[in-house]
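In case you want the letters, here they are:
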Amino acid sequence: MKFSITLLFSLLGIIGISQTHSLPKLKYSYSAFTSSIDSTTMEIHYTKHHQAYVNNLNKAIAGTKLEVLPIEEIMLNASLTPDAVRNNAGGHYNHSLFWDILTPKKDKKPSAELYKAIEENFKSIDSLKKLMNQAAASRFGSGWAWLVLTPEKKLVVTSTANQDNPIMDVSKVRGIPLIGIDVWEHAYYLKYQNKRADYLGAIWNIIDWDVISNRYTAALTDPLMQKIEKDNWQELKDFHKIIAVTYHSIEENNFLPIKELSGELYLKALILKKSTVPNSLKNEKTKSALEKISLLSKEINSLVEKNIKEENIKKKMEELHNTFHELQENCSH
Ligand SMILES: [Fe+2]
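Here the structure is a predicted model, which is why all the values come from computation and not from measurement. (Residues numbered from 1 in each chain as written. Predicted model: local features only at pLDDT ≥ 70, side-chain atom pairs only at ≥ 80, totals over all residues.)

Visitor: Please clarify how the overall build of the chain should be interpreted in this entry.
Guide: A count of helical and extended segments in the chain gives 14 helices and three strands. The C-alpha extent of the chain, read off along each of the three principal axes, is 75 × 45 × 35 Å. Sorting the 333 residues of the chain into buried and exposed places 32% on the buried side. Partitioning the contacts of the chain with sequence separation of at least 6, the portion at a separation of at least 24 is 68%. (Helix = DSSP H or I, 4+ residues; strand = E, 2+ residues; numbered from the N terminus. Buried ≥ 20, exposed ≤ 12 C-beta atoms within 10 Å, placed from the backbone. Contact = placed C-beta atoms within 7 Å.)

Visitor: I tried to follow the sheet that holds strand S3 (residues 176–182) on my own but got confused; where do I start?
Guide: To summarise the sheet geometry, strands pair through backbone hydrogen bonds and adopt either a parallel or an antiparallel arrangement. With antiparallel pairing, three strands are arranged side by side in an open sheet as S2-S1-S3. Every other strand in the sheet has two partners, leaving strand S2 (155–161) and S3 as the edge strands with one partner each. Recorded for the sheet is a direction-independent mean angle of 25° between the axes of neighbouring strands. Bridge count for strand S1 (residues 143–149) against S2 is seven bridges, and the pairing is antiparallel. By the bridge assignment for S2, Gly143 is matched with Ala161. Here helix H6 (residues 125–138) sits on the sheet in contact with S1, S2 and S3, set at roughly 15° to S2. Where helix H9 (residues 209–220) meets the sheet, it contacts S1 and S3, and its direction lies at approximately 145° from that of S3. (Pairing = 2+ DSSP bridges. Axes fitted to C-alpha atoms, helices over the stretch in contact; angles between N-to-C directions.)

Visitor: What should I look at first to understand the domain arrangement of the chain in this one?
Guide: Often the size quoted for an interface is simply the accessible area lost on bringing the parts together. Under the domain assignment, the chain is made up of domain 1 (2–229) and domain 2 (233–327). Inter-centroid distance (C-alpha atoms) of domain 1 to domain 2 is 38 Å. (Domains from an automatic or database assignment.)

Visitor: Sorry if this is basic, but what is going on with the nonpolar core here?
Guide: Taken as a class, soluble globular proteins show a tendency for nonpolar side chains to be buried jointly. Core analysis: the largest hydrophobic core is formed by 45 residues, its most contacted members being Met75, Met132, Ala136, Ala145, Trp146, Leu147 and Ile181. Tallying contributions element by element places S1 first for this core, with six residues. Among all residues touching Ala145, those that are not within four sequence positions of it are Met132, Ala135, Ala136, Arg139, Ser159, Ile181 and Val183. (Core = buried A, V, L, I, M, F, W, Y, C linked by C-beta atoms within 7 Å.)

Now the structure itself:
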């Protein structure tokens, strides 16, 4: 079901139909967790705070190209979006995750697969909880504590400020979040006031390990992980920048940038070819694309140096641009 909804949103995005974001349905009542979170906090948190993120997100993206994108795609490029988009997209995603990983049911345990991964990365569930609580307690001001699966398939504990999260390109640790604990005062202040540590102690009693185990299994093969991994490939990003400057000017019949930068284009192509390819992209397709990119860049550089007809340079640049986008599908420049 989750897959088909994601697929539907992606299709809507491809054909350019805008999406309106909305509050997810809760699986429990506001009073389901009174020993950990009081019902007034639950109700205000959901109907006022989360609803405001949803409303403000819809307002911030209305009429822009972000309107047709799934929320994950918006967050991947958070550094390029206005603060209103970054904060409210994060606010909506983070709270949707938070509601999803809570349950009133008792005695939830991680799946055998997740249990093994936790033991390998943290030695025990108790030390994971301790690390999470440390991350949450030491987050100055408002923010979130996270358990993240990274592209290297490692489980890592981290925290972010405000409504940022590890999917965003602004986050120090990047990956798919499995657990997110809200440490904004609005999440606990009525019951706990300034005692954030007491709230953190109580939250583990209502964590839904079934949902988190499913998130772990899904994250292992989620295509989003490949996008995050590719985003961490700095040499690919650097090459993207120079392609953006040179190729798109040529599309407008301006050959000045390529004439000035063809040497740098070739150099960046060589650096890209020699760079460490992220694990999930190590395959024949990547290898031959990198080979072709360096070859084409070399040819373009020599065409420029020999002052060959602009028409020929344009043709080669088109070929280079297409080959580059075999590696990087998202032509966002
Ligand atoms: Fe919150």
